[in-house]
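As a plain string of letters, each chain reads:
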Amino acid sequence: MNQDELKRAAAIAALDYVIDGEIVGVGTGSTANHFIDGLASIKDRICGAVASSEASAQRLAGHGVRLFDLNDVERMPVYVDGADEINAGLAMIKGGGGALTREKIVAAVADRFVCICDASKRVARLGGFPLPVEVIPMARAHVARRLAALGGEPRLRQNFVTDNGNLILDVHGLEITDPAGLESAIDHIAGVVSNGLFARHGADVLLLAAADGVERLLRP
């Protein structure tokens, strides 16, 4: 199986976590797109979905899935999304697609976060993938200096604006030994909207697809 087929296998496995008659939280990115396509096959069983990005909303709408604004939703049983990296404790780096803030918000409302990945995304230590940080445009230089002081090399993501109208700094070269601590430290920098560490509230379930099948891992 190639990588795209592995992503699809993990995404299809996540359909087992969808609760009939309920609203589903849906992530963003190539693996989440496979989940959206799979969700279309059972759209008559669910109430609808909350999307974490405009791109996912458009894809859901294209399949005829009813969309809800998160402000109108009190709770969701499950949020399904991919990750750019995930460790044994199910802490993640997310945001390669630039939707990290909305992903973190939608995930916070859900009872359970189901992460769907191919096996290449599991790592012993987070930080090989550059950490995305969403920043208010006027704070870009200030935040970059503070991120450099934390040991990283921040680079502005060129020709990119988030759905919230902000910028992304991708931080290279971080050795993340304390994901939750670093997540908090970055969030406390003035001008940071959110960062791509999902460690304080990581995944509850990981569906990890490899050539021999989809492995189910639970948060320790």
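Residues numbered from 1 in each chain as written. Predicted model: local features only at pLDDT ≥ 70, side-chain atom pairs only at ≥ 80, totals over all residues. Heavy atoms only, no water.

Participant: Looking at this model, I keep getting lost on the sheet that holds strand β13 (residues 213-218). Mind explaining?
Facilitator: On the basis of which strands lie adjacent, the open sheet formed by 6 strands has the order β2-β1-β3-β6-β12-β13 and mixed pairing. The outermost strands of the open sheet, each flanked by one partner alone, are β2 (48-51) and β13. Taking the axes of each pair of neighbouring strands and ignoring which way they run, one obtains an average angle of 25 degrees across the sheet. Two elements, strand β12 (residues 205-210) and β13, share 6 bridges in a ladder whose sense is antiparallel. The residue bridging Ala210 from the neighbouring strand is Gly213, located in β13. Where helix α2 (residues 30-39) meets the sheet, it contacts β1 (23-26), β3 (76-81) and β6 (110-118), and its direction lies at approximately 155 degrees from that of β1. (Pairing = 2+ DSSP bridges. Helix = DSSP H or I, 4+ residues; strand = E, 2+ residues; numbered from the N terminus. Axes fitted to C-alpha atoms, helices over the stretch in contact; angles between N-to-C directions. Contact = heavy atoms within 4.5 Å.)

Participant: Quick question: what am I supposed to make of the environment of Asn71 here?
Facilitator: Here Asn71 is to be found in the loop between α3 (54-62) and β3. A sequence separation of 21 residues divides Asn71 from Val50, and the C-alpha atoms of the two residues are 9.9 Å apart.

Participant: How should I be thinking about the packing of aromatic side chains in this particular structure?
Facilitator: Inspection of every chain in the model, using the stated rule, returns 2 aromatic pairs. Ring centres 5.1 Å apart and planes at 85 degrees place the aromatic pair Tyr79 and Phe113 in the edge-to-face group. Of this pair, Tyr79 sits in strand β3 while Phe113 sits in strand β6, and the two are 34 residues apart along the sequence. Taken as a pair, Tyr79 and Phe113 share a single burial class, namely buried. (Phe/Tyr/Trp six-rings, centres within 6.5 Å; stacked < 30°, edge-to-face > 60°. Buried < 20%, exposed > 50% of the residue type's maximum accessible area, 1.4 Å probe, protein only.)

Participant: How should helix α5 (residues 140-149) be read in this particular structure?
Facilitator: Along an α-helix, a turn takes 3.6 residues, which lines up residues three or four apart on a common side. Within α5, burial applies to Val143, Ala144 and Leu147. Looking straight down α5, one finds that the buried residues subtend no more than 105 degrees of arc, so they occupy a single side. Facing away from the buried side of α5 by more than 90 degrees, the exposed set consists of Arg145 and Ala149. The inward-facing, buried residues of α5 contact β7 (131-135), β8 (153-156), β9 (167-172), α6 (179-187) and β10 (192-195). (Arc of directions from axis to C-beta.)

Participant: What is the right way to look at the environment of Ser53 in this model?
Facilitator: Its location among the elements puts Ser53 in the loop between β2 and α3. The class for Ser53 is buried, based on a relative accessible area of 5%. Along the chain, Ser53 and Asp163 lie 110 residues apart, while their C-alpha atoms are 6.9 Å from each other. Sequence-distant contacts of Ser53, defined by excluding residues within four places in its chain, comprise Thr28, Ala99 and Asp163. A distance of 2.8 Å separates the side chain of Ser53 from the side chain of Thr28, its partner in a polar contact. (Polar contact = N/O pair within 3.5 Å; in protein donor to acceptor, adjacent residues only side chain to side chain.)

Participant: Would you explain the nonpolar core in this entry?
Facilitator: Soluble globular proteins tend to bury their nonpolar side chains together. Grouped together as the largest cluster of nonpolar side chains are 24 residues, with contacts concentrated most on Val26, Phe35, Leu39, Val114 and Ile116. Elements with a contribution of two residues or more to this core: α1 (3-14), β1, α2, β3, β6 and β12. The element that contributes the greatest number of residues to this core is α1, accounting for 4 residues. Not counting the four nearest positions on each side in its chain, Val26 is found in contact with Phe35, Ile36, Leu39, Ala49, Val50, Ala51, Ser52, Leu60, Tyr79 and Val80. In terms of nonpolar packing, the next biggest core, distinct from the first, is built from 21 residues, Leu126, Ile189, Val192 and Leu197 among them. (Core = buried A, V, L, I, M, F, W, Y, C linked by side-chain atoms within 4.5 Å.)

Participant: Where do I start with the sheet that holds strand β11 (residues 197-198) in this structure?
Facilitator: Pairing between sheet strands relies on hydrogen bonds along the backbone, with the strands arranged either parallel or antiparallel. One open sheet holds the 3 strands; their spatial order is β4-β5-β11, and the pairing between them is antiparallel. On the outer flanks of this sheet lie β4 (85-86) and β11, each paired with one strand and no other. For β4 and strand β5 (residues 92-93), the ladder comprises 2 bridges, and the chain directions are antiparallel. Looking across to β5, one finds that Ile86 is bridged to Met92.

Participant: Even after reading the chapter, I still don't get α1, so can you show me in this structure?
Facilitator: In this model, α1 (12 residues) spans 17 Å end to end at C-alpha, consistent with the 16 Å of a helix rising 1.5 Å per residue. Where α1 is concerned, the buried positions are Leu6, Lys7, Ala10, Ala11 and Ala14. Down the axis of α1, the buried side of the element spans an arc of 135 degrees, and every buried residue falls inside it. On its buried side, α1 packs onto α2, β3, β6, β12 and β13. Near the N-terminus of α1, the side chain that reaches the backbone nitrogen of Asp4, with its oxygen 3.1 Å away, is that of Asn2. (Expected span 1.5 Å × (residues − 1).)

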